[in-house]
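The residues making up each chain are set out below.
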Amino acid sequence: MTVSEEKAAPSHHEDWPRLLEWAESQATESLKARFATAEILARESQTTLTVLLAGVGGSAAYGASVFSPGPATVVAIASMTTCAYLLCLSIFLVIRCMRFQSYPALYQDPENILVRGHSLDAVREAELDNLQKRIAEAREINSMKASRLNAVRVAAALSPVVFVIAAALAPNAQPIAEALKIVCSSHLAASSARLDTACE
């Protein structure tokens, strides 16, 4: 083959258009799969937030007594600490996993692919490169959100440890046994020989 014949030879084989079509189909399906993963992460984040808020409400109900007059119990202090801990996890989850942000588009805008002066195959090849970049971007976003969601779930599972540590470090707290102690006293009623017992 001469140099002139080699230059005149086509740059792609005869199956190139079909290969482009197949590659476009695979790329689109891959990007759709990333969208499905993003939806799963959104649902799991919502479920996790629901559980966290339930924990916030429950621990706040037990810990509200720290604002009452008198010394707070160990349980109240530990519960309020756990409430604050779970609340911080909830805020982190909303900001870092559930907040709306830009996401790669599934399809290209017409103005970006209607390019004059270029063949259809050339435009399709360029769009395939763009699809690969969008797939990589979507994969990175999903991976980052999944890592953060897993970290929040692990941290939430450690909330009993936070409770125990807070109870152990609670300063000047009224001991649980003292808070729950029932003191009973007996006295003889003045008007009769009946023995009355009062507990407080």
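Placed above this text is the structure.
These numbers were taken from a predicted model, which means no experiment stands behind them. (Residues numbered from 1 in each chain as written. Predicted model: local features only at pLDDT ≥ 70, side-chain atom pairs only at ≥ 80, totals over all residues. Heavy atoms only, no water.)

K.L.:
In this structure, what is going on with the packing of aromatic side chains? I would like to understand it.
P.N.:
Evaluation of the coordinates by the stated rule reveals one aromatic pair. Relative to Tyr 103, the ring of Phe 35 has its centre 5.1 Å away and its plane inclined at 80°; by these criteria the two rings are edge-to-face. Taken together, the positions of Phe 35 in helix 2 (residues 16-63) and Tyr 103 in the loop between helix 3 (74-98) and helix 4 (110-113) put the pair 68 residues apart, joining distant regions of the chain. (Phe/Tyr/Trp six-rings, centres within 6.5 Å; stacked < 30°, edge-to-face > 60°. Helix = DSSP H or I, 4+ residues; strand = E, 2+ residues; numbered from the N terminus.)

K.L.:
What is the right way to read the side chain of Thr 48 from this model?
P.N.:
Relative to the helices and strands, Thr 48 resides in helix 2. Overall, Thr 48 belongs to the buried group, its relative accessible area being 7%. A polar atom in the side chain of Thr 48 sits 2.8 Å from the backbone oxygen of Glu 44. The contacts of Thr 48, once residues within four sequence positions are left out, are Leu 93, Leu 149, Val 152 and Arg 153. (Buried < 20%, exposed > 50% of the residue type's maximum accessible area, 1.4 Å probe, protein only. Polar contact = N/O pair within 3.5 Å; in protein donor to acceptor, adjacent residues only side chain to side chain. Contact = heavy atoms within 4.5 Å.)

K.L.:
Help me out: how do you make sense of a nonpolar patch on the surface in this one?
P.N.:
Taken together, Val 154, Leu 158, Val 161, Ile 165 and Leu 169 make up a surface patch of nonpolar side chains, about 480 Å² in accessible area. Ranked by residue count, the leading element in the nonpolar patch is helix 6 (residues 159-169), at three residues. Here Val 161 lies in helix 6. You can call Val 161 partly exposed: its relative accessible area is 44%. (Patch = residues over 30% accessible without salt bridge, like charges linked within 9 Å, V, L, I, M, F, W, Y side chains within 5 Å. Areas by Shrake-Rupley, 256 points an atom, 1.4 Å probe, with all protein chains shown as cover. Salt bridge = Lys/Arg side-chain N within 4 Å of Asp/Glu carboxyl O.)

K.L.:
Teacher, can you tell me more about the pattern of salt bridges here?
P.N.:
Close approach of charged atoms lets side chains of opposite charge pair. Scanning all chains against the criterion turns up five salt bridges. The residue Lys 32 makes a salt bridge to Glu 29 at a minimum N-O spacing of 3.9 Å. With Lys 32 and Glu 29 both in helix 2 and three residues apart, this pair spans about one turn of that helix. Judged by relative accessible area, which is 34%, Lys 32 ranks as partly exposed. Judged by relative accessible area, Glu 29 falls into the partly exposed class, the value being 45%.

K.L.:
Looking at this structure, how should I read the environment of Ala 146?
P.N.:
Relative to the helices and strands, Ala 146 is located in helix 5 (residues 120-157). With relative accessibility at 22%, the residue Ala 146 sits in the partly exposed group.

K.L.:
Please clarify how the packing of helix 3 against helix 5 should be interpreted in this entry.
P.N.:
What describes two packed helices is the angle between their axes and the distance between those same axes. Where helix 3 contacts helix 5, the two axes come as close as 10 Å, and the packing angle between them is 170°. By the criterion of interaxial angle, the relationship of helix 3 to helix 5 is roughly antiparallel. Residue-level contacts link Tyr 85, Leu 89, Phe 92, Leu 93, Arg 96 and Cys 97 of helix 3 to Lys 145, Arg 148, Leu 149, Val 152, Ala 155 and Ala 156 of helix 5. For the contact of helix 3 with helix 5, the per-class residue count stands at nine nonpolar, no polar and three charged. (Axes fitted to C-alpha atoms, helices over the stretch in contact; angles between N-to-C directions. Parallel < 35°, antiparallel > 145°, perpendicular 65-115°, else oblique. Nonpolar A, V, L, I, M, F, W, Y, C, P; charged D, E, K, R; others polar.)

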